[in-house]
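# Report on the structure
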Amino acid sequence: MEVTTRLTWNDENHLRKLLGNVSLSLLYKSSVHGGSIEDMVQRCSHQGYTITMTYINENMIVAFVLGNYTNLCESSTEPNDSLWFSLQKKNDTTEIETLLLNTAPKIIDKQLVCHLSKKNIFVVCPDNKIYLDKMMTKNLKLRFYGHLQFLECEVFRVEGTKYNLGCTKRILKAREHRNRLLADIRGYKPYADLVSEIRILLVGPVGSGKSSFFNSVKSVFHGHVTGQAIVGSDTISITERYRIYSVKDGKNGKSLPFMLCDTMGLDGAEGAGLCMDDIPYILKGCTPDRYQFNPRKPITPEHSTFITSPSLKDRIHCVAYVLDINSIDNLSSKMLAKFKQVHKEVLNCGVAHVALLTKVDDCSEVLQDNFLNLSRSMTSQRQVMNVHKMLGIPISSILMVGNNASDLELDPMNDILILSALRQMLRAADDFLEDLPLEETGSIERVLQPCI
């Protein structure tokens, strides 16, 4: 008879987010294999990393990850690192709280007992009862402590490429750093309150990841993968309209203090892709949202929606040159010429700029252990230098991300790259605002020179 788990598909997804790219293999189920702690330990010994799940009720799970179930006799067990977590379902959301401890599990009086500083903090009893002390329940944000009946106990083997508890520790640290970056951006205000929202223009070849970057930013702030901007992989640009996207802090949250402006893709062929004569008008804020691009005919002051007198808030405050890191070596001479033409217009307008290299294969390898700096591999370092030489952009302004376009779930490592890149763009925009002449900063509504 096949033994099935109580875990739902959604529960397993949350566990993969916590543990990384792993799979779970069911070793023990108390209702099938019996409630004896000795039988459970014997069945699960020498299996490598395991997760022991106790189902308190239909909406609450308390679990811990051990390096190995061994013969847990009273005299031989030494304290080891272990990860503890609670998984609680509330309305339509699932909340996970984690705790890292150095504990010593033992079998005492037919019970599985976990010690911390010679104190019992967690006990599994053979009569389907568990005990948690106040410290555990406080850290795991549970509304009970002491003894409690549970529905089921299951033990899984954690299977994954070279999985160890260090992987999970890194994921947990990544989540903490991601949350700090989220807080920084949520609390950001543009320099001297000259504008209420920073406008960031995304420019790059067809299929480089411009629309995907917007979707990735929105996904991080919404907590799940989204796809508002249509993404394509064809050689013909999917984006045909100029879009000015705002991003909300969650589905019903307030708008964040930046906008991402998506353009038609650059094309090396004549009469294809974004028209070069559109660039200065976009930079100066003369191009309205949803303007239909025409590769052969730029917007002109005679156009019915042309913004003749844009204010500072309408202008582009930072340009991000978006490039697929895997395609930089294959850029044609005509594409390079168009990039340099765009860059010349950006420099003429004095707008801040960065380069954004997308589609990084392994985000965890790019990040240093402290998540504060990029640890560039030989391949990525070569591409960074290529972009530096091509456009003259400082190396510190060349950023990398691994867009979520092909993912079903968010990756905290990629989230860090996305948020770090966004924060760098906002800082660059602040430098642009700070450097503006006084006559252009007298009021956030001050009108600039007409776009003619």
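Summary of the structure given here. (Residues numbered from 1 in each chain as written. Predicted model: local features only at pLDDT ≥ 70, side-chain atom pairs only at ≥ 80, totals over all residues. Heavy atoms only, no water.)

### Some remarks on the overall build of the chain
Looking only at helices and strands, the chain has 11 helices and 16 strands in total. Considering the chain as a whole, with its 452 residues, one finds that 51% of them fall into the buried category. Within the chain, counting contacts between residues at least 6 apart in sequence, those at least 24 apart form 67% of the total. When the accessible area of the chain is evaluated, it comes to approximately 21400 Å², of which 47% is carbon and sulfur surface. (Helix = DSSP H or I, 4+ residues; strand = E, 2+ residues; numbered from the N terminus. Buried < 20%, exposed > 50% of the residue type's maximum accessible area, 1.4 Å probe, protein only. Contact = heavy atoms within 4.5 Å. Areas by Shrake-Rupley, 256 points an atom, 1.4 Å probe, with all protein chains shown as cover.)

### Thoughts on the pattern of salt bridges
Counted according to the given criterion, the structure contains 18 salt bridges. A salt bridge links Glu 12 to Arg 16; the shortest N-O distance between them is 3.4 Å. Of this pair, Glu 12 and Arg 16 both sit in helix 1 (residues 9-19), four residues apart, which is roughly one turn of that helix. What makes Glu 12 partly exposed here is its relative accessible area of 21%. Residues joined in a network through salt bridges with shared partners are Lys 29, Glu 152 and Glu 154. (Salt bridge = Lys/Arg side-chain N within 4 Å of Asp/Glu carboxyl O.)

### Topic: helix 1
At 3.6 residues per turn, the α-helix brings residues three or four places apart onto the same side. For helix 1, the full list of buried residues reads Asp 11, Asn 13, His 14, Leu 15, Leu 18 and Leu 19. Gly 20 occupies a position one or two residues after helix 1 and carries a positive phi of about 100°.

### Side note on the sheet that holds strand 1 (residues 23-29)
Strand order in the open sheet formed by 10 strands is 1-10-2-3-4-5-6-7-8-9, and the pairing between neighbours is antiparallel. Only two strands of the sheet have a single neighbouring strand rather than two, namely strand 1 and strand 9 (146-149). On average, each strand axis in the sheet is inclined to that of its neighbour by 30°, with strand direction left out of account. Its contacts with the sheet put helix 3 (residues 37-44) on strand 1, strand 2 (50-57), strand 5 (93-108), strand 6 (111-116), strand 7 (119-125) and strand 10 (152-159), and the angle it makes with strand 1 is roughly 145°. Across the sheet, helix 5 (residues 165-186) touches strand 3 (60-66), strand 4 (80-90) and strand 5, and the angle it forms with strand 4 is around 50°. (Pairing = 2+ DSSP bridges. Axes fitted to C-alpha atoms, helices over the stretch in contact; angles between N-to-C directions.)

### Looking at the packing of aromatic side chains
Per the counting criterion, the structure on display carries nine aromatic pairs. Measuring from centroid to centroid gives 6.2 Å for Phe 221 and Phe 258, while their planes differ by 50°, and the two rings are tilted. Remark: Phe 258 occurs in strand 13 (residues 255-262) and Phe 221 occurs in helix 6 (residues 210-222); sequence separation between them is 37 residues. For Phe 221, a relative accessible area of 4% puts it in the buried group. On the accessibility criterion, Phe 258 (0% relative accessible area) is buried. Ring geometry for Tyr 321 versus Phe 339: centroids 6.1 Å apart, planes at 70°, classification edge-to-face. (Phe/Tyr/Trp six-rings, centres within 6.5 Å; stacked < 30°, edge-to-face > 60°.)

### Structural notes on the packing of helix 6 against helix 11 (residues 412-434)
Running from amino to carboxyl end, helix 6 crosses helix 11 at an angle of 105°, the nearest separation of the two axes being 10 Å. Regarding the angle of helix 6 to helix 11, the classification is roughly perpendicular. Contacts between helix 6 and helix 11 pair Phe 213, Ser 216, Val 217, Val 220 and Phe 221 from the former with Asp 415, Ile 418, Leu 419, Leu 422 and Met 425 from the latter. (Parallel < 35°, antiparallel > 145°, perpendicular 65-115°, else oblique.)

### Let's talk about the sheet that holds strand 16 (residues 398-400)
Read from one edge to the other, the open sheet built from six strands follows the order 12-13-11-14-15-16, with strand pairing classed as mixed. Sheet topology places strand 12 (243-248) and strand 16 at the edges, where each strand pairs with a single neighbour. Between one strand and the next, the sheet's axes are offset by a mean angle of 30°, whatever the strand orientation. As defined by bridge partners, strand 14 (residues 318-324) adjoins strand 15 (residues 352-358) across seven bridges and the pair is classed as parallel. Across the sheet, Tyr 321 pairs through a bridge with Ala 355, a residue of strand 15. Contacts between helix 11 and the sheet are confined to strand 11 (198-203), strand 13, strand 14, strand 15 and strand 16, with strand 15 contributing the most and set at about 165° to the helix.

### As for unusual backbone geometry
Non-glycine residue Ala 192 carries a positive phi angle of around 55°. Turning to its location among the elements, Ala 192 is positioned in the loop between helix 5 and strand 11. Judged by its relative accessible area of 54%, Ala 192 falls in the exposed class. Of note, the phi angle at Asp 193 is positive, near 55°, even though the residue is not glycine. Overall, Asp 193 belongs to the exposed group, its relative accessible area being 51%.

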